[in-house]
Amino acid sequence: GQQVMQIPQYQHVQEGEDFTTYCNSSTTLSNIQWYKQRPGGHPVFLIQLVKSGEVKKQKRLTFQFGEAKKNSSLHITATQTTDVGTYFCAEMYSGGGADGLTFGKGTHLIIQP
Amino acid sequence: DTEVTQTPKHLVMGMTNKKSLKCEQHMGHRAMYWYKQKAKKPPELMFVYSYEKLSINESVPSRFSPECPNSSLLNLHLHALQPEDSALYLCASSQDGRRAYYGYTFGSGTRLTVV
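Residues numbered from 1 in each chain as written. Chains lettered and ligands numbered in written order. Predicted model: local features only at pLDDT ≥ 70, side-chain atom pairs only at ≥ 80, totals over all residues. Heavy atoms only, no water.

Q: Would you explain the overall build of chain B in this entry?
A: From N to C terminus, chain B includes zero helices and 11 strands. Counting from the amino terminus, chain B carries its helices and strands in the arrangement β-β-β-β-β-β-β-β-β-β-β. Its C-alpha atoms give chain B a radius of gyration of 13 Å, near enough to 13 Å, the size a compact globule of 115 residues would have. Out of the 115 residues belonging to chain B, those deemed buried represent 50%. Positive and negative side-chain charges in chain B, numbering 14 and 10 respectively, have mean positions lying 4 Å apart. (Helix = DSSP H or I, 4+ residues; strand = E, 2+ residues; numbered from the N terminus. Rg over C-alpha atoms; globule rule 2.2 N^0.38 Å. Buried < 20%, exposed > 50% of the residue type's maximum accessible area, 1.4 Å probe, protein only. Lys, Arg positive; Asp, Glu negative; His and termini not counted. Charge placed at Lys NZ, Arg CZ, Asp CG, Glu CD.)

As structure tokens, then:
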């Protein structure tokens, strides 16, 4: 079924380095959401992007929505050990009998102190 | 802590057992969901309960059956499961199930092992 493509699958960084994960779609997205899942935890909603070219910031996190609304990115400045986890983008998918959020495969962020 | 409560947190069951997973939210959300998540994979949507209507993902086998006693409860009944059904089962809710303009609030999940 329709699914956003997310890269990279894994990202190893040294603490203090920046990190970026990308989400791409072949079709125009109405909006996109981002979630963080800590190891052993559950997904936690971070933000949603709706408007073309939108940029939102949460402290060290910067979220962008592409002008064509076909891609999005999450950038973390100066990573900390608390940033460890998997970051998912998600879109609303209608099909297969149930309408709900469909998640990208996620980017697993591993931070080396 | 999350405002979506799931019980039990862990469950081990045999392939001939019948068990139920429970999910409750008191945020007045109008939509609730069940997701299945295997290790290192994204959550996969199984069921949606929105506007008093239950929707089923066509790929979900009939050994899983949801039940919605009221707007704040969504149970998942399990029967004759297979070992490959072992996974983390996540319940979520949102203010409005028709549009993704609201983030989903997830419960802590039930970690299910089928033996």
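Q: I would appreciate a short explanation of the nonpolar core in the present structure.
A: The nonpolar side chains of soluble globular proteins are, as a tendency, buried together. Among the nonpolar cores identified, the biggest contains 22 residues, and B:Trp34, B:Met46, B:Phe64, B:Leu76, B:Leu78, B:Tyr89 and B:Leu112 are the most heavily contacted of them. Contributing elements (two or more residues each) for this core: strand E2 (10–13), strand E3 (18–25), strand E4 (31–37), strand E5 (44–50), strand E7 (64–70), strand E8 (73–79), strand E9 (87–94) and strand E11 (110–114) of chain B. When near neighbours in sequence (up to four residues on either side) are disregarded, B:Phe64 contacts B:Met46, B:Phe47, B:Leu76, B:His77, B:Leu78, B:Leu81, B:Asp85 and B:Tyr89. Residues A:Cys23, A:Leu46, A:Ile47 and A:Ile111 belong to the second largest nonpolar core, which totals 19 residues. (Core = buried A, V, L, I, M, F, W, Y, C linked by side-chain atoms within 4.5 Å. Contact = heavy atoms within 4.5 Å.)

Q: Help me understand the state of the cysteines, please; the structure alone is not making it clear to me.
A: Put plainly, two cysteines are in a disulfide when a covalent bond ties their sulfur atoms together. Counted according to the given criterion, the structure contains two disulfides over all chains. The disulfide bridge from A:Cys23 ends at A:Cys89, spanning 1.9 Å between sulfur atoms. Its torsion about the S-S bond being 65°, the disulfide of A:Cys23 and A:Cys89 is classed as right-handed. With A:Cys23 in strand E3 (residues 19–24) and A:Cys89 in strand E9 (residues 85–93), this residue pair connects regions lying 66 residues apart in the sequence. With respect to class, A:Cys23 is no different from A:Cys89; both count as buried. Disulfide pairing places B:Cys23 opposite B:Cys91 at an S-S distance of 1.9 Å. Because the torsion about its S-S bond is -75°, the bridge between B:Cys23 and B:Cys91 counts as left-handed. With B:Cys23 in strand E3 and B:Cys91 in strand E9, the pair connects residues that are 68 residues apart, well separated along the chain. (Disulfide = S-S within 2.5 Å.)

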